[in-house]
Amino acid sequence: MFPYLRLLPVLLSVVLLCLPAKGEIKWLDKEYQFGLMKETAGIREGSASFVNVGPGPTYIRNVRTSCGCTKAVFPEGLIEEGDTVTIKFSYNPEGRPGPFAKTIKVFVGEDNKMHVVKIFGTVIGSPETLAATYPYESGPLRFSDRIIAGGDVTYGELKHFFVSMTNQSTDTIHPAVSVTQKPLRAAITPELIPPGELATLAISFNSGDEFDMGNHDYPITLISDTDSRFPEETELSLKVNLKPDLLALNGESLETAPQISVIPPVIEANRHKSSNPLSVRFTIRNLGKSTLIIKRISSPGIKVTPKRYPTRLEPGKKGEAEVSIPASALGDGIFRLPVEISSNDPLHPVVEVRVTGDNH
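Because the structure is a prediction, the values reported are computed rather than measured.

Cut-offs used in this document
- Residues numbered from 1 in each chain as written.
- Predicted model: local features only at pLDDT ≥ 70, side-chain atom pairs only at ≥ 80, totals over all residues.
- Heavy atoms only, no water.
- Helix = DSSP H or I, 4+ residues; strand = E, 2+ residues; numbered from the N terminus.
- Rg over C-alpha atoms; globule rule 2.2 N^0.38 Å.
- Buried < 20%, exposed > 50% of the residue type's maximum accessible area, 1.4 Å probe, protein only.
- Contact = heavy atoms within 4.5 Å.
- Areas by Shrake-Rupley, 256 points an atom, 1.4 Å probe, with all protein chains shown as cover.
- Lys, Arg positive; Asp, Glu negative; His and termini not counted.
- Charge placed at Lys NZ, Arg CZ, Asp CG, Glu CD.
- Salt bridge = Lys/Arg side-chain N within 4 Å of Asp/Glu carboxyl O.
- Pairing = 2+ DSSP bridges.
- Axes fitted to C-alpha atoms, helices over the stretch in contact; angles between N-to-C directions.

(A) The overall build of the protein, seen in detail. Across its full length, the protein carries 3 helices and 26 strands. Here the protein has a C-alpha radius of gyration of 34 Å; the compact-globule value for 360 residues is 21 Å, and the former is much larger. Once the C-alpha set of the protein is aligned to its principal axes, its extents read approximately 105 × 50 × 50 Å. Per-residue burial for the protein yields a buried fraction of 41% across its 360 residues. Residue pairs at least 24 apart in sequence account for 65% of intrachain contacts in the protein once pairs closer than 6 positions are excluded. When the accessible surface of the protein is split by element, carbon and sulfur atoms take 52% of a total near 19500 Å². Charge separation in the protein, taken as the distance between the mean sites of 38 positive and 41 negative side-chain charges, equals 4 Å.

As structure tokens, then:
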């Protein structure tokens with residue numbers, strides 16, 4: 001019925017732009033601290049205010065937020081000299097655990113001058129949100145990895161690995177880390193983790209301190225909060241495959257080096273279900289020109305027990321080895337298990353015997 005009403009917003013904008021709006025503003029607060037908030041509590045609201053100190057009126061042209069998680073509303077129309085105006089805003093913590101810092105840009109007056117309001121806070125994430133990034137839990141501490149896959153490392157390398165952590169409680173915690181193996185160093189930064197804040201467990205692996213080539217599984221003990229009367233301890237592990245630095249070997253050293261040979265390379269061990277361990281036997285030979293030293297016999301992820309094996313073999317000699325494999329490692333049906341023999345053979349520091357069978 002009144003089509004001219006649709007033109008009012010446009011007319012108002014034209015009027016505002018034509019008025020001599022020369023007022024200057026003075027902020028009463030340009031920062032807002034939400035403090036600690038729980039994600040499950042939902043959207044939180046805040047505000048920031050300024051006064052038009054003149055001379056003359058002014059107005060707010062526009063307000064923009066730095067991300068979609070923050071919304072802001074502002075009063076439209078002229079702001080007379082002496083008037084106080086409040087910008088209202090909200091922050092949505094859903095899916096955003098940890099500390100945050102956002103900005104709200106307020107554009108004022110004929111010269112479109114930009115003013116920046118900063119908002120801060122820390123979100124304690126819900127269990128569902130935290131589990132996506134930090135699936136492991138130890139008391140108030142959540143962390144990203146329990147098994148750190150270090151992959152292949154060449155002897156002599158210094159490599160670093162990192163585990164992300166967060167404090168899911170409402171109290172500041174003081175976690176700690178303990179390692180006992182010489183090649184490892186570990187530390188947590190920062191030492192004190194406030195509620196909802198993030199931290200990093202840094203692990204350094206100095207392969208020059210490990211002379212046993214092949215697969216290694218180094219234990220790391222994580223202590224959730226040393227200030228607690230009953231701190232929880234959780235075992236992590238760093239898995240690496242240490243390889244020799246072949247570029248450091250010369251022809252003369254290789255010519256006189258020990259050389260390992262294992263017979264047979266595949267052992268067929270068909271058996272019926274049993275609670276008794278499976279015993280396998282194989283022969284180790286030294287085909288090289290210097291003493292072969294057998295350092296260990298193991299299996300990745302399985303606790304096998306070497307019953308006997310030669311620790312030293314002179315050139316041309318051989319020895320028998322016997323290894324016990326727990327029945328729990330065989331499972332049901334077809335199994336294929338690697339047994340690794342580590343030695344001082346520079347070209348083949350780790351050789352493998354594969355045990356196969358059908359556990360029916």
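Having seen the structure, we can now continue with the description.
(B) Seen up close, the pattern of salt bridges. For the structure shown, the criterion picks out 8 salt bridges. A salt bridge links Arg354 to Glu352; the nearest nitrogen and oxygen atoms lie 2.7 Å apart. Because the salt bridges share partners, they merge into one network encompassing Arg281, Lys307, Arg308 and Glu322.

(C) Structural context of the sheet that holds strand β18 (residues 260-263). Taken in spatial order, the 4 strands of this open sheet run β18-β20-β24-β22, and their pairing is antiparallel. The two strands at the open ends of the sheet, each matched to only one other strand, are β18 and β22 (305-308). In this sheet, neighbouring strand axes are inclined to one another by 35 degrees on average, regardless of whether the strands run parallel or antiparallel. Of the pairings in the sheet, the one linking β18 to strand β20 (residues 278-286) comprises 4 bridges and is antiparallel in character. Looking at the pairing, Ile260 lines up with Asn286 of β20.

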